[in-house]
Amino acid sequence: MGKIVEIQNLSFTYTNRPILTNFNLSLMSNRFYTLLGPTGSGKSTLARILIGLEYSHDYIKIDGKFLNPKNIEGIRRIVKLVTESPRGDFVTDTVSKELEFELKCIEEKKIPEKVKSLASKYGFEYLLSRKMWELSDGETQIVALLAALVTNPKLLILDEALSQVDRKTKDRIFTLLKESVKEGLTVLQITQNSEDVFYGNEMIIIDEGQVVFEGSVKDALHSERNFKDHQLELPFIADLSNKLRYYHKISDIQISDKKLVDALWK
Amino acid sequence: MEIKFDKVCYGVKGKNILNDLSFEAKSTKITALIGPTGSGKSSVFDLLTLKRIPKDGKISIEDYEITRKGILSSVLAYHSKIAYIPSHPEDTFSYDSILKEFFSVLEKYNYNLVKRRQHIEDALGIVGLHSSYLYKDPFSLSSGELRLISLAIALSYNPKVLLWDEPTIGLDREGKKALISLLTRLKSRYQKTILIASHDIDFVNQIADEIVVLKEGKVLLSGKKKDVFSESEKLMKEGIDLPKMVQFQKEVWERKKVKLGYQSDKNDLVKEILRKS
């Protein structure tokens, strides 16, 4: 237990454009966070800084250790970043080899068993024999996620990582991820899809390089301004609730279909 | 310019991707291809752009025909009638200015310099971007801006057909709104044939006229948006997402036996709820 990420006064510019300004954030372990923000707000830059792909000399601690060029390898052993288009990151020609490669890099034993076990846990054993170039966009995203999970990271950052995966499969994946969260994993999900907030309990909203909301998903949804002021779409059920509350049809925001239906037709 | 797939088969090294695929996309309409990951949506575009050739069957686009023998007419003439925007257009940019990107496309179709400038300005006008974008480095633009630029480049030679793989990737609320009004204008005012593939089922619900549901390279369902989404049991069984509005409608029927008519706009749904509650 404790803080897996601690950022104090982080400022980051990219070719003369300030991306993050006096940015402060702490993430606790064993939690599932969703990070929302309009395009250009600094979400992906934050993810890249946490994995050491962008350099910052500001106060950033990962699992209690300061992030600096000397300990990047150690940091990358416990923090994994999965991005939206991972095709360029693959180094082998089959899915099983790709996953085995991750374990070979950290000199693990019983590699084939661990790969098979993870793939079947998530229901993707059928992908193991596929060639990397045969995979559809959604399948490459799934493989990239498995590659990140196979080494048992402490912090998993998903930057729009499952955008091409259908909801049924996502539901299954996130149910399993939430179990891993109980067992010690921290997930930071960056997404443009507001519906994804329901996978976790905590939310962070950033805009123009600053944190503008930090708290529970429920609290975030109670005021539509948290979203609308920052060009974010509310999840459907919250938006519908707000509109109906405006017509005095209901008195409280409801965040599930069932509850809203019951509130409308008593 | 209509697109017609007639029993098209396509596969790679023994793996069948498209199996007797038959569907149509008409002009002045937006047709959306939906289906689970790996159902063959991107392969449809590969065949339409001649990146790949079908194993069997026929693809007709106005006077052009694509079969396993390829296209027996001018490839250049065919390409000048269609435009394709991939899911990650930023990957296809190779120059350090947007103007050069436009030129590299217009050069292929032999537009003279004066005409080129006119077409570029028109295209930027349609997508609502200022001409100052021409001098920007693609690398410095946000993903939303890159999407609009890709669309402008695609429109610069006046294609009759627009093919777009996952138009909403990386777009926030404002970006999606702008895209919806743009696509609507392109289909009605400019009479284009628009075929998109998308995972964003709520976006599809808002923008599509016709929907083609793919499963394992075959058509599971196709038709008008309203009719396709009314087959909720069939869609759910195949793991295909239902639009949030349709899910809500279903919940209302199952829990309270109240029938809310199909809607594709949230404000219309609100009005319907106010009427029936």
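Being a predicted model, the structure only gives us computed values, none of them experimental. (Residues numbered from 1 in each chain as written. Chains lettered and ligands numbered in written order. Predicted model: local features only at pLDDT ≥ 70, side-chain atom pairs only at ≥ 80, totals over all residues.)

(A) How the structure looks around the interface of chain A and chain B. Counting residues at the interface gives 32 residues for chain A, matched by 35 residues for chain B. Those elements giving two or more residues to the side of chain A that touches chain B turn out to be α5 (137-149), α6 (167-182), α9 (236-246) and α10 (257-264) of chain A. Broken down by element, the side of chain A that touches chain B gets its largest block of residues, 5 residues, from α9 of chain A. Per-class residue counts for the side of chain A that touches chain B are 10 nonpolar, 10 polar and 12 charged. (Contact = placed C-beta atoms within 7 Å. Helix = DSSP H or I, 4+ residues; strand = E, 2+ residues; numbered from the N terminus. Nonpolar A, V, L, I, M, F, W, Y, C, P; charged D, E, K, R; others polar.)

(B) Highlighting the domain arrangement of chain B. Residues and elements named next belong to chain B. The domains assigned to chain B are domain 1 (3-229) and domain 2 (243-277). The C-alpha centroid of domain 2 is placed 32 Å from the C-alpha centroid of domain 1. Counting from both sides, the interface comprises 7 residues of domain 1 and, opposite them, 6 residues of domain 2. With 4 residues, the single largest contributor to the side of domain 1 that touches domain 2 is helix α7 (residues 201-207). Here the residues of the side of domain 1 that touches domain 2 are counted per class, giving 2 nonpolar, 2 polar and 3 charged. (Domains from an automatic or database assignment.)

(C) The arrangement of the packing of α10 of chain A against helix α10 (residues 244-256) of chain B in detail. Across the interface, α10 of chain A lies against α10 of chain B with an axial gap of 10 Å and an inter-helix angle of 55°. One way to sum up the angle between α10 of chain A and α10 of chain B is to call them oblique. For the crossing formed where α10 of chain A meets α10 of chain B, the hand is right-handed. Where α10 of chain A abuts α10 of chain B, its residues D257, K258 and V261 of chain A lie against Q247, F248, E251, V252, R255 and K256 of chain B. (Axes fitted to C-alpha atoms, helices over the stretch in contact; angles between N-to-C directions. Parallel < 35°, antiparallel > 145°, perpendicular 65-115°, else oblique. Left-handed = near helix turned anticlockwise from the far one by under 90°.)

(D) Local environment of the domain arrangement of chain A. All names here are of chain A. With domains assigned, chain A is organised as domain 1 (3-234) and domain 2 (235-266). Relative placement of domain 1 and domain 2: their C-alpha centres are 32 Å apart. Each partner contributes residues to the interface: domain 1 has 9 residues there, and domain 2 has 7 residues. For the side of domain 1 that touches domain 2, the residue count by class is 4 nonpolar, 2 polar and 3 charged.

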